[in-house]
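The primary structure of each chain is shown beneath.
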Amino acid sequence: MATEYASRTRDQWGREDRPGRPSRRHVLPPVLRAPIEARTWREFGYLMLSLPISILLFVFAVTMTSLGMGLLITFLGVPVLAAGLAGCRGFGVVERARARALLGLDVADPAPVRAKPGGGPMSWMGAMLKSGASWRHLLYAVLHLPWAVFAFSVSLFFWSYGWAMLTYPLWQWVFPAYAGTDGIQLYGDSTHSVYLDEPYELALTSALGLLITLGTPWLIRGMTTVDRVMVAGLLGPSRLATRVSELESDRGVVVDTAAADLRRIERDLHDGAQARLVALAMDLGLAKEKLTEDPEAAARMVDEAHGEVKIALQELRDLARGIHPAVLTDRGLDAALSAVASRCTVPVQVEVDLPARPAPAIEGIAYFTVSELLQNVSKHARASRATVDVWQTEDRLMLQVGDDGQGGVDTTAGSGLAGLAERLDAVDGILVITSPVGGPTTITAELPWRG
C-alpha cells in the first residue's frame, strides 16, 4: 500500500487540522552530497566487511559440504552435512543483520526447520537436509565470495584513488621532503622522468580526483544493489512461504471482519428493529385491552403503532442494504453506486465503464469501498463536489474516489481507512491515497477482477 500524508493533529478519518512541518531541504545537490553522506559510508563499510566475512563463510561451507559429501558412504556424512547447513543458516542471521544495519534492507527470517515432535536428532537432520532455505544459504556462501572480491577491489580502488587525487595538493610536499622526488611520477625511463609537481598539474590531478570521488558513491550503490538482491533472494523466506504467511494473515483479517459484521448486525437488530417490535407488541396489547372500554384511545394507539411499524421497516431495509443491497444484485455497480452517490451530502459524478460484471464477492467489496469513501467525504472532507470512477484494467478492477476538500488524509492513528486497506489486502487488493494538505484528495482502490 502506498500513502502520502502530512503528520499532525487529525480527526477520526485521519484528516489533519494543521499543516505539517515542511520537509528538510538540502543545500547541496545529490551529486555533490553523495561522497559525504552517511549512506555512502555505510555502504562502503558493508563492501569492506563483505570480503573477510565471505572468505570465512566460503571456507566453512565448502569444507563442511565436501567433508559431508565424502562421508556419505558412511553414516557420518549425514550429521556433518546437516551441521554445515545449520552453520550456513547461522551465518545468514549475521548477514541479514549486517544488511539491516548498513544497507537498510530488512529481510525477514526464513521459516525455521521443523522436525517431527519426538523424532530426535535424526528427525532434525532430515528436516535440515529437506529445507530449501538451508540449501539457499549454502548457495549464498559459495556465490558471494567471488562477488565480494570484485566489489571489495573495485570500491577500494576508486574510493582510495579518488580521495587521494582530490587531496593531492595538500600532501604533495611529502615527496620532496621524504621520498627525494618532486611528486607522483607520471612517466619515467633512464633519461627522462615526468612528475606531477607544477601548479596546473596539481589542479588537474585534484580535478580528476573530484570526478572520481563524485562518481564512486554511485558505483558503490550499484554494487550494493547486487548484494541486496542476493541477500533478499537467497537468505530470506521463499516466495511460497511468504505467500502462505500472507494468506494466513489475510484469513485472519477476513475472519475478524466477518465477526465484526455479525456483531454489528446483531447490535443493530437488538437496539433498533427488535426494540421497536417489542414496544409495538406491547402497544398493540394495550390497544386491544382498551378497544371495548375506550375505542378512541385504542385507535390512537393503533395509529402510533402503525407509525412504529413504518420506522421498523425502514430500519430493516437500511440494515438489509448494509448487508447486501438488492439494487447491486439486480442492476450491478453502476446503479448501486449511483444510489449511494445520491445520498452523499455533496454532488457526486459517477462514471462506471465495465465490459461485464465482476465476481459477486468482488462487486460487493467494490460497492462497500466506494460507499465508505463517500461517507468519509460527507463527514470530514469539507468538499463541494466529488467524483467516482470505475473501470477495468487487464485483470484488475479499478475504483477511484476524488474530492476537492481540505486534504491531509492519513491511514494511521486508528482511522477507518486503515481497516478498509486491510479488507482490500485480504483479497489481494491495494489502497493508494494521494492527499496533500489543502487538497484535493484522490483515493484509488485496486481489486482482482475474478469475473
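These figures come from a predicted structure and were not determined experimentally.

**Q** Would you take a moment to explain the overall build of the chain for this structure?
**A** Scanning the chain from terminus to terminus reveals 14 helices and eight strands. Within the chain, the fraction of its 451 residues that count as buried is 37%. Considering only residue pairs separated by 6 or more positions, the chain has 70% of its internal contacts joining residues 24 or more positions apart.

**Q** In this structure, what is going on with the pairing of strand 5 (residues 386-393)? I would like to understand it.
**A** Regular strands place side chains that alternate from one sheet face to the opposite one. In this sheet, strand 5 lies alongside strand 4 (residues 348-353) in parallel orientation, the contact comprising six bridges. In the sheet register, Val 348 faces strand 5, and the bridge partner there is Ala 386. Of the crossover connections in this fold, the one passing from strand 4 over helix 13 (residues 360-381) to the parallel strand 5 is left-handed. Examined bridge by bridge, strand 5 and strand 6 (residues 396-403) share eight bridges and lie antiparallel to one another. Across the sheet, Val 390 pairs through a bridge with Leu 399, a residue of strand 6.

**Q** I keep staring at a negative patch on the surface and nothing clicks. Help me out?
**A** Taken together, the side chains of Glu 289, Glu 293, Asp 294 and Glu 296 make up a negatively charged region of the molecular surface. Considering the arrangement of structural elements, one finds Glu 296 in helix 10 (residues 295-323).

**Q** It is not clear to me how the nonpolar core should be interpreted in this structure. Could you clarify?
**A** Generally speaking, nonpolar side chains in soluble globular proteins are found buried as a group. Within the largest apolar cluster, 37 residues are counted, with the highest numbers of intra-cluster contacts made by Leu 333, Val 348, Leu 374, Val 388, Leu 397, Leu 399 and Leu 447. Looking at this core, the elements with two or more residues in it are helix 12 (333-342), helix 13, strand 5, strand 6, helix 14 (416-425), strand 7 (430-434) and strand 8 (441-448). Examining the composition of this core, we find that eight residues originate from one element, helix 13, more than from any other. Once you skip the residues sitting within four places of it in the chain, Leu 397 turns out to touch Leu 333, Leu 354, Pro 358, Ile 362, Ala 366, Val 390, Trp 391, Ala 445, Glu 446, Leu 447, Pro 448 and Trp 449.

**Q** Explanation requested: the pattern of salt bridges in the structure shown.
**A** Side chains carrying opposite charge are able to pair once their charged atoms draw close together. In the structure shown here, the tally under the stated rule is eleven salt bridges. Here Arg 33 and Glu 37 are joined by a salt bridge, their closest N and O atoms 3.1 Å apart. For Glu 37, a relative accessible area of 23% gives the class partly exposed. Of the charged contacts, one joins Glu 363 and Arg 357 as a salt bridge, the two residues approaching to 2.8 Å between their closest N and O atoms. Of the residues examined, Glu 363 reaches a relative accessible area of 5% and is grouped as buried. When salt bridges with common partners are traced through the structure, they connect Arg 33, Glu 37, Arg 39, Glu 43, Arg 221 and Arg 228 into a single cluster.

**Q** Teacher, can you tell me more about helix 2 (residues 38-70) here?
**A** Structurally, the α-helix is built with 3.6 residues per turn, so residues lying three or four positions apart point the same way. Taking 1.5 Å of rise per residue, 33 residues should cover 48 Å, and helix 2 covers 47 Å from first to last C-alpha, within 8% of that figure. In helix 2, a bend of some 30° at Ser 50 exceeds every other bend along the element, and Pro 52, a proline, comes one to four places later.

**Q** What is the right way to read the confidence of the model for the chain from this model?
**A** Should the pLDDT be low somewhere, the predicted coordinates at that spot are not to be read in detail. Residues of the chain with pLDDT of at least 70 account for 77%, and the chain-wide mean is 78. Per-element confidence in the chain is highest for helix 2, whose mean pLDDT is 93, and lowest for strand 1 (residues 2-4), whose mean pLDDT is 37. For the stretch residues 1-23, pLDDT sits under 50, and the model shows 64 contacts to residues farther than four places along the chain or on other chains.

**Q** Please explain helix 8 (residues 199-234) as it appears in this structure.
**A** Along its 36 residues, helix 8 runs 52 Å from first to last C-alpha, staying within 8% of the 52 Å computed at 1.5 Å per residue. At Thr 216, helix 8 shows its strongest bend, of approximately 30°, with the proline Pro 217 following within four residues.

**Q** Please clarify how unusual backbone geometry should be interpreted in this entry.
**A** A negative phi holds for most residues other than glycine; trans holds for most peptide bonds. In this structure, Glu 394 is a non-glycine residue whose phi angle is positive, near 55°. On the secondary structure map, Glu 394 appears in the loop between strand 5 and strand 6. For Glu 394, a relative accessible area of 71% puts it in the exposed group.

**Q** What's the story with the packing of aromatic side chains in this structure? I'm lost.
**A** Each pair of aromatic rings is reported with the distance of its centres and the angle of its planes. A complete count under the given rule lists nine aromatic pairs for this structure. Aromatic side chains Phe 44 and Trp 159 sit 4.4 Å apart centroid to centroid with 15° between the ring planes, which places their arrangement in the stacked category. In this pair, Phe 44 sits in helix 2 while Trp 159 sits in helix 5 (residues 132-166), placing the two residues 115 residues apart along the sequence. By relative accessible area, which is 11% here, Phe 44 ends up buried. A centroid spacing of 5.2 Å and a plane angle of 80° characterise the contact between Tyr 168 and Trp 171, whose relative ring orientation is edge-to-face.

**Q** How do you make sense of the side chain of Thr 205 when you look at a structure like this?
**A** When you line up the elements, Thr 205 lands in helix 8. The class of Thr 205 is buried, set by a relative accessible area of 9%. With sequence-adjacent residues up to four places away left out, Thr 205 is seen in contact with Met 165, Tyr 168 and Leu 196.

**Q** Would you explain a nonpolar patch on the surface in this entry?
**A** On the surface, Val 27, Leu 28, Val 31, Leu 32, Ile 36, Trp 41 and Trp 218 cluster together into a nonpolar patch covering about 730 Å² of accessible area. Tracing the sequence through the fold places Leu 32 in helix 1 (residues 30-33). The class for Leu 32 is partly exposed, based on a relative accessible area of 43%.

How each quantity is defined
Residues numbered from 1 in each chain as written. Predicted model: local features only at pLDDT ≥ 70, side-chain atom pairs only at ≥ 80, totals over all residues. Heavy atoms only, no water. Helix = DSSP H or I, 4+ residues; strand = E, 2+ residues; numbered from the N terminus. Buried < 20%, exposed > 50% of the residue type's maximum accessible area, 1.4 Å probe, protein only. Contact = heavy atoms within 4.5 Å. Pairing = 2+ DSSP bridges. Right-handed = clockwise from strand over helix to strand, strands pointing away. Patch = residues over 30% accessible without salt bridge, like charges linked within 9 Å, V, L, I, M, F, W, Y side chains within 5 Å. Areas by Shrake-Rupley, 256 points an atom, 1.4 Å probe, with all protein chains shown as cover. Salt bridge = Lys/Arg side-chain N within 4 Å of Asp/Glu carboxyl O. Lys, Arg positive; Asp, Glu negative; His and termini not counted. Charge placed at Lys NZ, Arg CZ, Asp CG, Glu CD. Core = buried A, V, L, I, M, F, W, Y, C linked by side-chain atoms within 4.5 Å. Expected span 1.5 Å × (residues − 1). Bend = angle between axes of the 7 residues up to and from the residue. pLDDT = per-residue confidence, 0-100. Phe/Tyr/Trp six-rings, centres within 6.5 Å; stacked < 30°, edge-to-face > 60°.

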